[in-house]
Amino acid sequence: MAQIETVGVIGAGQMGRGIAQVAAQAGVNVRLMDTSQAALDAGLVTLGKDLEKLVGKGKISSEQRSEALARIAGGTNSAFLSDCDFVIEAATENMELKLKIFSGLDQSMKPGAILASNTSSISLTKLAGATKRPTQVIGMHFMNPVPLMKLVEVVRALQTDEPTYVTTCELATRMGKLLVTTKDMPGFIVNRMLIPFINEACFSLQEGLGTVEDIDQGARLGLNHPMGPLELADLIGLDTCLSIAEVLQREFGEDKYRPAAILRNYVAAGWLGRKSGRGFYDYSKKA
């Protein structure tokens, strides 16, 4: 099994910087990469602020914050990751983009390095097939927000070998996560259950069954969920929810996964949730 000293993370957005943060806090050296310098800089600034909030809450010391930040380096090309032992891709949920990333990583990474994807629905078997190291490709699906959510879904591609699986589990445990293992099926475990639930809430809103607030309050109080499905969709990103729903419908060919028209319309309008300032709720009017 490989000894993981340096982890690369592709994507400095919400998921990528969260993965980088928990890895650095666990004592792992991190190379955070984004093709956009502006996005990389913004991600690093936000990451620093997130760690500072933990200091303010007394969860870590100022020294621990400084040590974590010192373990993170930023870069804008794949060569920057060439000597990493393990790379986690956290780019946009798009098959063509991820296939391109994995093919490029395969050519630039050192032999023996493990390539992981944080994909929430895309086939790891297909991603592995785009490389010449398919046995060393695996899914490592973190939950959002990464620093707060304990779960990681470890997704075995058809080709994933046992050493890759064991090393990935050890790394996730080192990062303070609890694991479930799933085979490579659309949506894996969590999103296979979650996205139809969110989609049904969208249908309920579309049909006028209740208001946004009533639907979410019903889930919070009636199902004892910490967040309502529409509020959660805003946190995840409505574009991401739509993308996963489309994958489920396409791959299973079942009408029960058909995305609600209101979800499609919100995405078409650019109302993507918290990240755009408006989704099912209007965040521009809230502190």
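Up top you'll find the structure we're talking about.
Residues numbered from 1 in each chain as written. Predicted model: local features only at pLDDT ≥ 70, side-chain atom pairs only at ≥ 80, totals over all residues. Heavy atoms only, no water.

Visitor: Which residues make up the packing of aromatic side chains, and what values go with them?
Guide: Applying the stated criterion across every chain, the model contains four aromatic pairs. Each ring, one from Y266 and one from W271, has its centre 5.3 Å from the other, and the planes form 90°; the classification is edge-to-face. Of the residues examined, Y266 reaches a relative accessible area of 17% and is grouped as buried. Ring pairing ties together the aromatic residues Y266, W271 and F280, which thus form one cluster. Over the aromatic face of F80 sits the side chain of R31, whose NZ or CZ is 5.4 Å from the ring centroid. Here the basic side chain of R156 rests over the ring of Y165, its NZ or CZ set 4.4 Å away from the ring centre. (Phe/Tyr/Trp six-rings, centres within 6.5 Å; stacked < 30°, edge-to-face > 60°. Buried < 20%, exposed > 50% of the residue type's maximum accessible area, 1.4 Å probe, protein only. Lys NZ or Arg CZ within 6 Å of the ring centre and 35° of its normal.)

Visitor: Any details on the pattern of salt bridges? Residues and values, ideally.
Guide: Here the structure, examined in full by the defined rule, presents 14 salt bridges. Where D239 meets K275, a salt bridge forms, and the shortest distance between an N and an O atom there is 2.9 Å. Note that D239 is positioned in helix α10 (residues 238-252) and K275 in the segment after α11 (261-268), a separation of 36 residues in sequence. Taking relative accessible area as the criterion, D239 reaches 28% and is therefore assigned partly exposed. A network of salt bridges, in which partner residues are shared, links E89, E93 and K98. (Salt bridge = Lys/Arg side-chain N within 4 Å of Asp/Glu carboxyl O. Helix = DSSP H or I, 4+ residues; strand = E, 2+ residues; numbered from the N terminus.)

Visitor: Describe the layout of surface pockets, with residues and values.
Guide: There is about 780 Å³ of room inside the second largest pocket. Together, 26 residues line the second largest pocket, and Q21, L54, P145, P147 and L148 are the ones closest to its centre. Ranked by residue count, the leading element in the lining of the second largest pocket is helix α1 (residues 14-25), at six residues. The residue inventory of the lining of the second largest pocket, partitioned by class, reads eleven nonpolar, seven polar and eight charged. (1 Å grid on protein atoms, 1.4 Å probe; cavity = no way out; pocket = protein on both sides within 12 Å on 5 of 7 lines; lining within 4 Å. Points joined across faces, edges and corners; volume = space filled by probe spheres on them. Nonpolar A, V, L, I, M, F, W, Y, C, P; charged D, E, K, R; others polar.)

Visitor: Please set out the sheet that holds strand β5 (residues 114-117) residue by residue, giving values where relevant.
Guide: The eight strands are arranged β3-β2-β1-β4-β5-β6-β7-β8 in an open sheet whose pairing can be described as mixed. Two strands bound the open sheet, and with one partner strand each, they are β3 (72-75) and β8 (178-183). Across this sheet, the average inter-strand angle for adjacent strands is 25°, counted without regard to direction. (Pairing = 2+ DSSP bridges. Axes fitted to C-alpha atoms, helices over the stretch in contact; angles between N-to-C directions.)

Visitor: I'd like to hear about the packing of α10 against α11, residue by residue, with values.
Guide: Contact pair α10 / α11: the axes reach a minimum separation of 9 Å and the direction vectors enclose 135°. When the axes of α10 and α11 are compared, the pair comes out oblique. As α10 packs across α11, the resulting crossing turns out to be left-handed. Only L263, R264, Y266 and V267 of α11 make contact with α10, whose side of the interface consists of L238, D239, C241, L242, E246 and Q249. Considering only residue class, the contact of α10 with α11 consists of six nonpolar, one polar and three charged. (Parallel < 35°, antiparallel > 145°, perpendicular 65-115°, else oblique. Left-handed = near helix turned anticlockwise from the far one by under 90°. Contact = heavy atoms within 4.5 Å.)

Visitor: Tell me about unusual backbone geometry, and name the residues and values.
Guide: Between N144 and P145 the backbone carries a cis peptide bond, its omega angle lying at 0°. Tracing the chain through its elements places P145 in the loop between β6 (137-142) and β7 (151-156). At F188, a residue that is not glycine, the phi angle is positive and equals roughly 55°. Here F188 lies in the loop between β8 and α7 (190-206). Look at F188 and you get buried, because its relative accessible area is 4%. The phi dihedral of N224 is positive, around 60°, even though this residue is not glycine.

Visitor: Report on the pairing of strand β4 (residues 86-89), specifying residues and quantitative values.
Guide: Side-chain alternation along β4 places F86 and I88 on one buried face and V87 and E89 on a second face that is also buried. In the sheet, strand β1 (residues 6-10) pairs with β4 via four bridges, with the strands oriented parallel. Across the sheet, the residue bridging to V9 is I88, located in β4. The sheet contact formed by β4 and β5 spans four bridges and is parallel. Its bridge partner lying in β5, I88 is registered against A116.

Remember, this is a structural readout, not a statement about activity or role.
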